[in-house]
Amino acid sequence: LSELRGQGDWGDRMKKSTGARAKTKKAKRIRILMADDNPKFLDKATDFLSRHAGLMVVAETGDADSTLELARVLQPDVILYDLRMPGTIWTKVFPRLRAQAPAAKIIVVSLIDEAGYVETALAVGAHGFVSKTRFTTDLVPLIRQLTSAT
């Protein structure tokens, strides 16, 4: 070791002499909680998302109370939330979701895509809005955009 002092970086010399390479950091998977009362949609959406590298659906739920509990326990990166779940006042659920899972990005996924709903959803805590009619084209890019800084 004393012979190598002043002759460059010790770590570089070790890499050159031993062929050792730094391990590349494994890409973090984006963990998704899906909330929709339509089991067929949940199945299709989960299948669709599972075919995209780095995305993983960690849980599915069909009501607001379960969504709130799973958000608290799982701390997902993304919560996909349908506006039309029975017994749900979504304008009151979003602030609670933000409190339960502060780092999660909430994306509304709904057949309702009127401007007033979009504006209200964003005003009460959603980070994005995707119409179910554009699910396969718009959702994955939005998920990646919203989670790229986290």
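Look above for the structure.
Note that this is a predicted model, so its numbers are computed, not measured. (Residues numbered from 1 in each chain as written. Predicted model: local features only at pLDDT ≥ 70, side-chain atom pairs only at ≥ 80, totals over all residues. Heavy atoms only, no water.)

Novice: Would you explain the nonpolar core in this entry?
Specialist: It is characteristic of soluble globular proteins that their nonpolar side chains tend to be buried jointly. I79, Y81, V93, F94, L97, V108 and A121 are the most contacted members of the largest nonpolar core, which totals 21 residues. Only β1 (30-35), α3 (64-74), β3 (78-81), α4 (90-100) and β4 (105-110) provide two or more residues apiece to this core. By residue number, the principal contributor to this core is α4, which donates four residues. Sequence-distant contacts of V108, defined by excluding residues within four places in its chain, comprise Y81, L83, F94, A121, A126, G128, F129 and V130. Counting 20 residues, the second largest nonpolar core, distinct from the first, contains I32, V109, L139 and V140. (Core = buried A, V, L, I, M, F, W, Y, C linked by side-chain atoms within 4.5 Å. Buried < 20%, exposed > 50% of the residue type's maximum accessible area, 1.4 Å probe, protein only. Helix = DSSP H or I, 4+ residues; strand = E, 2+ residues; numbered from the N terminus. Contact = heavy atoms within 4.5 Å.)

Novice: Looking at this model, I keep getting lost on α4. Mind explaining?
Specialist: Residue pairs three or four apart in sequence face the same way in an α-helix, which turns once every 3.6 residues. Where α4 is concerned, the buried positions are W90, V93, F94 and L97. Seen end-on, α4 carries its buried residues on one side only, within an arc spanning 105°. Residues of α4 that are exposed and point more than 90 degrees away from the buried face comprise K92 and A99. Against α3, β3, β4 and α5 (115-123) lie the buried residues of α4. (Arc of directions from axis to C-beta.)

Novice: Would you mind showing me how to read the sheet that holds strand β5 (residues 128-131) here?
Specialist: What links the strands of a sheet is backbone hydrogen bonding, and the strands pair in either a parallel or an antiparallel sense. Pairing is parallel across the open sheet formed by five strands, whose spatial order is β2-β1-β3-β4-β5. One side of each edge strand has no neighbouring strand; the edge strands of this open sheet are β2 (55-61) and β5. Taking each pair of neighbouring strands and ignoring which way they run, the sheet shows an average axis angle of 25°. Two elements, β1 and β2, share six bridges in a ladder whose sense is parallel. Paired with I32 across the strands is V57, a residue of β2. Sheet contacts for α4: β3 and β4; angle to β3, the most-contacted strand, approximately 170°. (Pairing = 2+ DSSP bridges. Axes fitted to C-alpha atoms, helices over the stretch in contact; angles between N-to-C directions.)

Novice: How should I be thinking about the packing of aromatic side chains in this particular structure?
Specialist: Where two aromatic rings form a pair, the distance of their centres and the angle of their planes describe that pair. Applying the stated rule across the entire model yields five aromatic pairs. Consider the rings of F48 and F135, whose centres lie 5.5 Å apart with planes at 55°: the pair is tilted. Here F135 lies in helix α6 (residues 135-147) and F48 lies in helix α2 (residues 39-50), a separation of 87 residues in the sequence. Exposure class is identical for F48 and F135. Each is buried. For the pair Y81 and F94, a centre-to-centre distance of 5.2 Å together with 90° between the ring planes defines the contact as edge-to-face. With Y81 in strand β3 and F94 in helix α4, the pair connects residues that are 13 residues apart, well separated along the chain. Looking at Y81, the relative accessible area reads 0%, which means it is buried. A relative accessible area of 0% means that F94 is categorised as buried. Three or more aromatic residues link up through ring pairs in this structure, and these residues are Y81, W90, F94 and Y117. Directly above the aromatic system of F41 lies the positively charged group of K132, at a separation of 4.2 Å from the ring centroid. (Phe/Tyr/Trp six-rings, centres within 6.5 Å; stacked < 30°, edge-to-face > 60°. Lys NZ or Arg CZ within 6 Å of the ring centre and 35° of its normal.)

Novice: Please clarify how unusual backbone geometry should be interpreted in this entry.
Specialist: Glycine aside, negative phi is the norm for most residues, and most peptide bonds take the trans geometry. Backbone geometry places Q75, a non-glycine residue, at a positive phi of 50°. Relative to the helices and strands, Q75 resides in the loop between α3 and β3. Relative accessible area serves as the criterion here: at 36%, Q75 is assigned to the partly exposed category.

The values reported here are purely geometric and, on their own, carry no functional implication.
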